[in-house]
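# Structure assessment
Here is how the chains run, residue by residue.
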Amino acid sequence: MTLGFSLTDDPWLLLPSTTGELAQERPLRTALLDAHAFGDLVVGIPTQKPAVLRQILLPVIVAALGRPADEREWMAWHAQGQWSPEQRRRLDAYLDAHRPAFDLFDPVQPFGQVAGLSTAKGDTKNAGLIVATAATGNNVPLFASRTEGDPFALAPAQAAHWLMHTQCWDTAAIKTGAVGDPQAKAGKTTGNPTGPLGQMGVTLLAGQTLFETLLLNIPIGAPPTSNDRPQWERRDAADPFTAGTPQWQTRTPEGLLDLWTWQSRRIRLFAEETEQGPRVTRVLVAAGDRMPHTPETEPHTMWRLEPTGSRAQAKDKRATNPRRPLRLQPGKAAWRGLDALLAPERQSRDAGDKSSGFATSKLLDQAGALMFDLGESYPLRVELSGIAYGNQSAVIDDVMSDDLPLPLSALAAGGDLRSALLEVAEQAESLATAVNHLSADLRRALGTEPIPWDKGQRPGELVLHALDPLVRRLLAGMRGLQDLERIEAGQLAWEQLAWRRSWDVADRLLQTVPVAAYAGRSTSQGEGKPERIHRVPLAEGSFLRRRAEILHRADAARRSTPSDDQ
């Protein structure tokens, strides 16, 4: 029996309607043509969303319609609120023309796979190999409910999501050696990097509908070149992606479509018919194409800029100011990286060594340029996702994600709102540092050493956790604000709340200090210098002074209306 599952016409994308109905699985054709009628794409884990957007949704649109040539054309598309009749016709025709390429189980050209992929011994592995949250080999998630021996049976919709996720995020190191791959030795290939998204923190833009989200993630620019094609259009006799020659290449992407649909692995799904319908039970994952470095055309990442003359620059001869994709840090809220999110690309490109050391993503920079057309109160959201790998990137340690409301006017270089939000993020970090100093002083008063910065949980993290909802509320509340007086009022309100939240954490530390610490301890500052005395009252006073300096608006307001409250 020949199995088939058409991504074009069989339901697999879980989408809620904009009218409030429950999310239902939809085919690719419906999702794209009626994108205005759907809300945000629903996925199993956050890292699946950029994989699905990049591997199929966005490239189908760009391949069928091209990219908006300039900001005026982009706004014309956006102003429609949906695809025009002509755009719908072109999308429909493109999906019809390439329908066989979107069959997950096509015997000749299965989507995102190599049909003839095999090993010398005919080995296959449990389908859990492509499930990032499953225990397979050395990759054993902390709270995994299954073991490697448990069978996996993936429904076609699940298999499609995990297939694309593997192409984008797969772990590094050893992969199965495929028949016909000259790079394979002893049935294995080594030195494989992670999937391309594993090299960066992915920055997606989200709008009010799927249609808006898709547009926000399409860079303005020239149409694709003849060599820039999505992977399903690269299946010709000379291409090493075909079934007969599954070896990998080391090369740079030909353009945006090639980059988005990059095949970092050669994969084959093995499905069987069950009482529940087709199920993928076995898989084969081999080495795929290797990208020497993340190209500067990558639209979905922020960048870390290396100053002129740095050690990193000396190793990189490609540019006078080389840039590296910025990765997310586990446990760090996205708003703590506002200095990177709000670092305008144009300013960073021209500022040389005077830049912040970061450049925002090309798409965020583009959204900032469209601010006056979209409207300053446009409810833009930024979704960040990434994976933290361990043990030479061969295992997944953590899946990271965050979602921020971001005022468009904050993307304007030199704007008052941008400066205000950067100050808020800096104040939060400074308050955490102040509480850490308080903790260190209290421990010294007890005769013990402070908590090392790289070990254990320091109390400053509790401050950042307490301030997190306040910062997010401020970001949402600042949408559309341009008047400096109203921005200042928002900052004052933030500082007054942060004043109390930071004291709550500090007070808990002070409440747990034993009476002996009030007597204090003396520590040597070095030969010829007076000893330093550590007592609880001195530690508390130092914290209160630091807090007043950090939250200067709240301090000034309190001085004008004194109270007994700390």
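Let me sum up the structure you'll find in this document. Please read all numbers here as calculations on a predicted model, not as lab measurements. (Residues numbered from 1 in each chain as written. Predicted model: local features only at pLDDT ≥ 70, side-chain atom pairs only at ≥ 80, totals over all residues. Heavy atoms only, no water.)

### Quick look at the overall build of the chain
This is how it is decided: Here a helix means four or more residues in a row that DSSP labels H or I, a strand means two or more in a row labelled E, and each is numbered from the N terminus. Relative accessibility decides the category of a residue: with a 1.4 Å probe and only protein chains considered, values under 20% of the type maximum give buried, values over 50% give exposed, and everything between is partly exposed. Calculation of accessible area relied on Shrake-Rupley with a 1.4 Å probe; when residues are assessed, cover is drawn exclusively from the protein chains displayed.
Secondary structure summary: the chain contains 17 helices and 15 strands in total. Relative to its 566 residues, the chain shows a buried fraction of 53%. As displayed, the chain has an accessible area near 25500 Å², and 50% of this comes from carbon and sulfur atoms.

### So, the sheet that holds strand E11 (residues 358–359)
Let me state the cut-off plainly: We treat two strands as partners when DSSP finds at least two bridges between them.
Within the open sheet, the three strands sit side by side as E10-E9-E11. Their pairing is antiparallel. Edge positions in the open sheet fall to strand E10 (323–325) and E11, since each of these has one partner strand only. Where strand E9 (residues 303–305) and E10 come together, three bridges link them in antiparallel fashion. Considered in E10, the bridge of Leu305 is made with Arg323.

### With respect to the side chain of Arg54
Rules: In the analysis that follows, any N or O atom pair within 3.5 Å is treated as a polar contact, provided that within protein one partner can donate a hydrogen and the other can accept it, and provided that, for residues neighboring in sequence, both atoms belong to side chains. Here a residue-residue contact requires only that any non-hydrogen atoms of the pair lie within 4.5 Å.
With respect to the secondary-structure elements, Arg54 resides in helix H2 (residues 48–65). By relative accessible area, Arg54 is classed as buried at 1%. Polar side-chain contacts of Arg54 include one of 2.9 Å to the side chain of His300. Every residue in contact with Arg54, bar those within four places of it in the chain, is listed here: Pro59, Leu197, Leu259, Trp260, Thr261, Glu298 and His300.

### Things to note about the environment of Pro85
Within the secondary structure, Pro85 is located in helix H4 (residues 85–97). A sequence separation of 52 residues divides Pro85 from Leu33, and the C-alpha atoms of the two residues are 9.7 Å apart.

### What about the pattern of salt bridges?
The criterion, for reference: Counted as salt bridges are all cases of a side-chain nitrogen of Lys or Arg within 4 Å of a carboxyl oxygen of Asp or Glu.
Tallying each qualifying case throughout the model produces 25 salt bridges. One salt bridge connects Arg29 with Asp92, and the closest N-O pair in it is separated by 2.5 Å. Here Arg29 is found in helix H1 (residues 28–33), whereas its partner Asp92 is found in helix H4, with 63 residues between them in sequence. Residue Arg251 is joined to Asp289 by a salt bridge in which the shortest nitrogen-to-oxygen separation is 3.7 Å. Of this pair, Arg251 sits in the loop between helix H6 (210–216) and helix H7 (256–260) while Asp289 sits in the loop between strand E8 (277–287) and E9; the two residues are 38 residues apart in sequence, bridging distant segments of the chain. Judged on exposure class, the residue Arg251 and its partner Asp289 are both buried. Each of Asp9, Arg29, Asp92, Asp96 and Arg99 takes part in salt bridges that share partners, so that together they form one network.

### Considerations on helix H3 (residues 71–80)
Here is the rule we go by: Taking the helix axis as origin, the arc is that swept by the directions to the C-beta atoms.
When H3 is considered as a whole, its buried residues turn out to be Trp74, Met75, Trp77 and His78. For H3, the buried positions fall inside an angular range of 155° around the axis, keeping them on one side. In this structure, H3 carries Arg72 and Ala79 as exposed residues pointing more than 90 degrees from its buried face. Turning to H3, the residues buried within the fold contact H2, H4, H6, helix H11 (362–369) and helix H12 (371–374). Here H3 starts with a cap whose side-chain oxygen sits 3.3 Å from the backbone nitrogen of Arg72, and that cap is Asp70. Directly beyond the C-terminal end of H3, a positive phi value near 80° is found at Gly81.

### Concerning the nonpolar core
In plain terms, the rule: Residues belong to one nonpolar core when they are buried, are Ala, Val, Leu, Ile, Met, Phe, Trp, Tyr or Cys, and are joined through side-chain atoms within 4.5 Å.
Within the largest apolar cluster, 141 residues are counted, with the highest numbers of intra-cluster contacts made by Trp12, Leu28, Ile56 and Val60. Residue contributions to this core peak at 13 residues, all from helix H13 (residues 416–445). For Val60, the residues in contact, after removing those within four places along its chain, are Leu28, Leu32, Leu91, Tyr94, Leu95, Phe102 and Trp232. Listed in part, the five residues of the second largest apolar core include Val114, Ala178, Leu284 and Ala286.

### Here's the deal with helix H14 (residues 460–477)
For an α-helix, 3.6 residues make a turn, and residues three or four places apart therefore share a direction. Keep this limit in mind: Take the number of residues in a helix, subtract one, and multiply by 1.5 Å to get its expected span.
Given a rise of 1.5 Å per residue, 18 residues ought to cover 26 Å, and the 25 Å separating the end C-alpha atoms of H14 matches this to within 8%. Of all the residues in H14, the buried ones are Gly460, Val463, Leu464, Ala466, Leu467, Asp468, Leu470, Val471, Leu474 and Leu475. Where H14 is buried, its residues contact strand E13 (395–405), H13 and helix H15 (484–511).

### Some details on the packing of H2 against helix H5 (residues 156–169)
Spelled out, the test is: Axis angles are defined between N-to-C directions and span 0 to 180 degrees, where every axis is a line fitted to C-alpha atoms and, for a helix, only to the segment in contact. In this scheme, roughly parallel covers angles under 35 degrees and roughly antiparallel covers those over 145, while 65 to 115 is roughly perpendicular and the rest are oblique. When residue character is reported, Ala, Val, Leu, Ile, Met, Phe, Trp, Tyr, Cys and Pro are called nonpolar, Asp, Glu, Lys and Arg charged, and the others, Gly included, polar.
Put simply, H2 and H5 touch, their axes get as near as 8 Å, and they point 90° apart. Judged on the interaxial angle alone, H5 and H2 are roughly perpendicular. Across from Gln48, Pro50, Ala51, Val52, Gln55 and Ile56 in H2, the residues of H5 making contact are His161, Trp162, Met164, His165, Gln167, Cys168 and Trp169. Residue classes in the contact of H2 with H5 are distributed as eight nonpolar, five polar and no charged.

So far we have only geometry, and geometry alone does not tell us how the molecule works.
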